[in-house]
Amino acid sequence: MPRSPSGARSRWVRLLLTAVGLLGLVGLGAAGVLYWSLVRDLPDLQSVEDYDPPLTTVVKDRHGRSMGEFYEERRRLVAFEDVPSHVVQAFIAAEDDSFYEHKGIDLRSILRAAWANFRAGGETVQGASTITQQTVKQLLLSSERTYRRKIREMILARRLEERLSKDEILFLYLNQIYFGSGAHGIGEASQTYFGKDVGELDVGEAALLAGLPKAPGRHSPYRSPERAEERRNYVLDRMRAEGFIDEAAWIEAVRNPPELRDAAEREAYADAAYFTEEVRKELVESLGNEVVLRGGLTVITTADLELQLRATRAVQEGIEAHDRRQGWRGPVRQVEKAAIAAEAERLGELNDLLDEEAEPVAELPADRTLLGVVTSVSRKKKRARVAFGAGLEGLVHLDDVSWARRAGAFAKIRHIDQVFSAGDVARFRLAEAGADGTDARRGADGDPTILLDQAPQAQGALLSIDLATGDVLAMVGGYDFEASEFNRATQARRQPGSAFKPIIYAAALEKGMTPASILYDRPVVYDDPESGFTWRPENYGRRFLGPLTMGEALARSVNNATIHLLRDVGVGRVVRYARRLGIESPLEPNLSLALGASPVSLLELSGAYAVFASGGERVKPRFINRVLAPDGEVLLENVALGGVSPEAGEQAAEEPPALQAPGGAPPVLAASNGRVLPSVEAYLATDLLRGVVTHPRGTGRRAASLGRPVAGKTGTTNEQGDAWFMGFSPDVVTGVWVGYDEKRVLGPGETGGRAALPIWMDFMEGALATRAKRDFRVPEGVVFARIDGKTGLIASAESEDARFLAFAAGTVPAAASERPGLPRRDRSRVRLDF
């Protein structure tokens, strides 16, 4: 029996439905498998709820000014309630205007972005990610541009919206997002771009920051100010359109672009680098590296940032001045005249004279040294032309290279061709602008004036301590931290030369001598019978002065007189005295100690001078006031520099019987206030050191030009290998060292008074500028008397060389009429065995 047409249709319908059902099941299965593949290894949102990002550890000076940072990512966490509403609104307007309406995904934005991108020919001109999606991407996913990552992002965004409130999501977003210039999070961005806290941001500043996350590099206000302003105005327009600001606020913000924080402020961190590196090492040792780099600590140091910057500049300028006194070391290399053009082209690549768009810059950069090749030299015009590549040239003038005699030569530079030849490749920098912002010497052809430059090879160090508190005010460990992180203020031990002499003279005071005691400066020869070595110490200038007072001998830094004094006082006594002052380095127990032959650190010697300046009390240098966790908990406080402590141990000094002083070891004072010297003795030593400055022939007499009561001592080692000046006022003690890292002569005449003292004066002028002028406190038991400089007795009306000196009561010398046998000038040679 034939089938009816209706039955056949029914069978085909059932087959079709079955097929559709099977395909549906297969589709559902495939969708399930796809979904499972997307969600099976999704990150756990618990890590988001337990948000603990790496935070910046900020190092501040004593006044709260930032001077350095340690970080994995530069970020400062900001509570959502501390973010002003107009700042939040700026980000919502810029990134996600329906943030408070959607559940993590904004379908309207997706469709709008798709249409905009379609009209742009497939180019991505508009995004559709919500703030929630961006937060998920930042915290949990990579930045790869794939559909799989995008779908996973959407799934996680929906889940995040179910677990956190909108404000909690905004808290995560604002603290996690990257703003360019190394700033992560709104707190760090606010400091980086404006130098202020988030709560201080105005509408215009908030709009600029809100425009950065989309493309931080492209919209950087430092690199691309026009693009940044265009993006900021877009955000302001969106804020007005959303009703977040009214017309008046919009006009005010558009008309007044925000003032950016000077990028050079962060560059000033380099000037404090030696100080902050000491801080970092201490924190790592005490708290661990991870806590330092991720913990968001606040470190309050004892430094004064203004003085730290001045110290760095003083050291650098002092070393540069020394370098110029040694002359020019010549060109880096020289090329044939035929190769000058090719060399200039090559230098253009080496000098990286391109802007952010990879286009040649229009002018020479003012902030760095460049390699240039001399293309022509004109004796008549007294100048040389230098090419740097990329079509940039400059002129160097004869007046600016008067210092550039070749190293070791002494002929005066009279012609430009004594310095340069065509083809010389050397380092140059742009001359500083004039007071009106232009270079008055710029040529008619528009070529800028440039200066010959060379990197100094000598090093220097400076350490300054507040005597009242022991606070380290400034510390410089070298010429350039980027070139060498070795801290010569704390780590290096160098021969102090004559800067060690005050310790010998102070020990003599303790033994009973007075500033008027007569010393004899005469030739002396020391023989070592075991080695056969013969030592003939000489004074600087190779003159012998005969009898002179102890005060004059120290003021004029007379070597042989000091050697005789050391022998009389006893090497062992002096070594033990140095230990009391805080010198911990090994000291050779022989007469070379008189010339400072035993190396010590600048930190040690500064601490020793501080004892004199503080009236006999040990000053424990402190460089960290306190370290705070983000919640305000005090983790460390009152941290000393270099492990120095008032309980410094003594070094046993067994000396040959011939050098032992009568009377044995001096008593060691032990007091709860840290006193190690009687106040009278400390003052007498201070007064001797004042004589170094006030005596007309004192080696530190240039310091008198400060117009302040100051005391100190120069130090110069054999053949000018190291130069020192250690000095103090009633408030501040500062030490300066200049020398080479390797054993090398600084140069003819490069004494402590020439190489180190100008640095000390430059710094101290700033350190004392804000302090009231006051004299050293005179303790009870000190008297003054006018002394004849030739006899060491009370001066008479006929005395030609008389000075007031301080004495302990009861030790003032007699008048000349009461002492018939006056010392005579003695030039005899003395021979002694070691």
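See above for the structure.
Since this is a predicted model, take the numbers as computed values, not measurements.

> Which parts of the structure should I look at to understand helix 20 (residues 571–581)?
Turn by turn, an α-helix covers 3.6 residues, leaving residues three or four places apart pointing in a common direction. Of all the eleven residues making up helix 20, ten are buried; the element is thus mostly covered by neighbouring parts of the structure. Where helix 20 is concerned, the buried positions are Val571, Gly572, Arg573, Val574, Val575, Tyr577, Ala578, Arg579, Arg580 and Leu581. Buried positions along helix 20 lie against helix 17 (501–511), helix 19 (559–569), helix 21 (602–613) and helix 22 (679–694). Immediately beyond the C-terminal end of helix 20, within one or two residues, lies Gly582, with a positive phi of roughly 110 degrees.

> Explanation requested: helix 10 (residues 225–241) in the structure shown.
Compared with an ideal rise of 1.5 Å per residue, which puts 17 residues at 24 Å, helix 10 spans 24 Å between its outermost C-alpha atoms and is within 8% of the ideal. Along helix 10, the residues classified as buried are Ala228, Arg231, Arg232, Val235, Leu236, Arg238 and Met239. Projected onto a plane normal to the axis of helix 10, the buried residues spread over an arc of 160 degrees and lie on a single side. When the buried face of helix 10 is taken as reference, the exposed residues oriented beyond 90 degrees from it are Glu226, Glu230 and Ala241. Looking at the buried residues of helix 10, the elements they touch are helix 3 (85–95), helix 9 (203–210) and helix 11 (247–255).

> Would you take a moment to explain the environment of Val279 for this structure?
Inspection of the secondary structure puts Val279 in helix 13 (residues 273–287). Residues Val279 and Val299, 20 residues apart in the sequence, show an inter-C-alpha distance of 8.5 Å. Excluding residues within four positions of it along the chain, Val279 makes contact with Val59, Phe70, Val299, Thr301, Phe623 and Ile624.

> When you look at the sheet that holds strand 18 (residues 622–628) in this model, what are you seeing that I'm missing?
By way of backbone hydrogen bonds, the strands of a sheet pair with one another, either parallel or antiparallel. Within the open sheet, the five strands sit side by side as 2-1-5-18-19. Their pairing is mixed. In this open sheet, the two strands that pair with only one neighbour each are strand 2 (66–70) and strand 19 (634–640). Along the sheet, successive strands turn relative to each other by an average axial angle of 15 degrees, direction set aside. Sheet analysis places strand 1 (residues 57–60) next to strand 2, joined by four bridges and oriented antiparallel. Paired with Val59 across the strands is Gly68, a residue of strand 2. Along the sheet face, helix 13 touches strand 1, strand 2, strand 5 (298–301), strand 18 and strand 19 and points at about 55 degrees away from the line of strand 18.

> Even after reading the chapter, I still don't get the pairing of strand 7 (residues 370–378), so can you show me in this structure?
Within a regular strand, side chains alternate between the sheet's two faces. In this sheet, strand 10 (residues 424–430) lies alongside strand 7 in antiparallel orientation, the contact comprising four bridges. Bridge pairing links Gly372 to Ala426 in strand 10. Bridge count between strand 7 and strand 8 (residues 383–389): five bridges; the pairing is antiparallel. Looking at strand 8, one finds that Val377 is bridged to Ala384. In this antiparallel pair of consecutive strands, strand 7 and strand 8, the connection spans four residues, and Lys382 shows a positive phi of 60 degrees.

Parameters at a glance
- Residues numbered from 1 in each chain as written.
- Predicted model: local features only at pLDDT ≥ 70, side-chain atom pairs only at ≥ 80, totals over all residues.
- Heavy atoms only, no water.
- Buried < 20%, exposed > 50% of the residue type's maximum accessible area, 1.4 Å probe, protein only.
- Helix = DSSP H or I, 4+ residues; strand = E, 2+ residues; numbered from the N terminus.
- Contact = heavy atoms within 4.5 Å.
- Expected span 1.5 Å × (residues − 1).
- Arc of directions from axis to C-beta.
- Pairing = 2+ DSSP bridges.
- Axes fitted to C-alpha atoms, helices over the stretch in contact; angles between N-to-C directions.

That is the geometry; function is a separate question.
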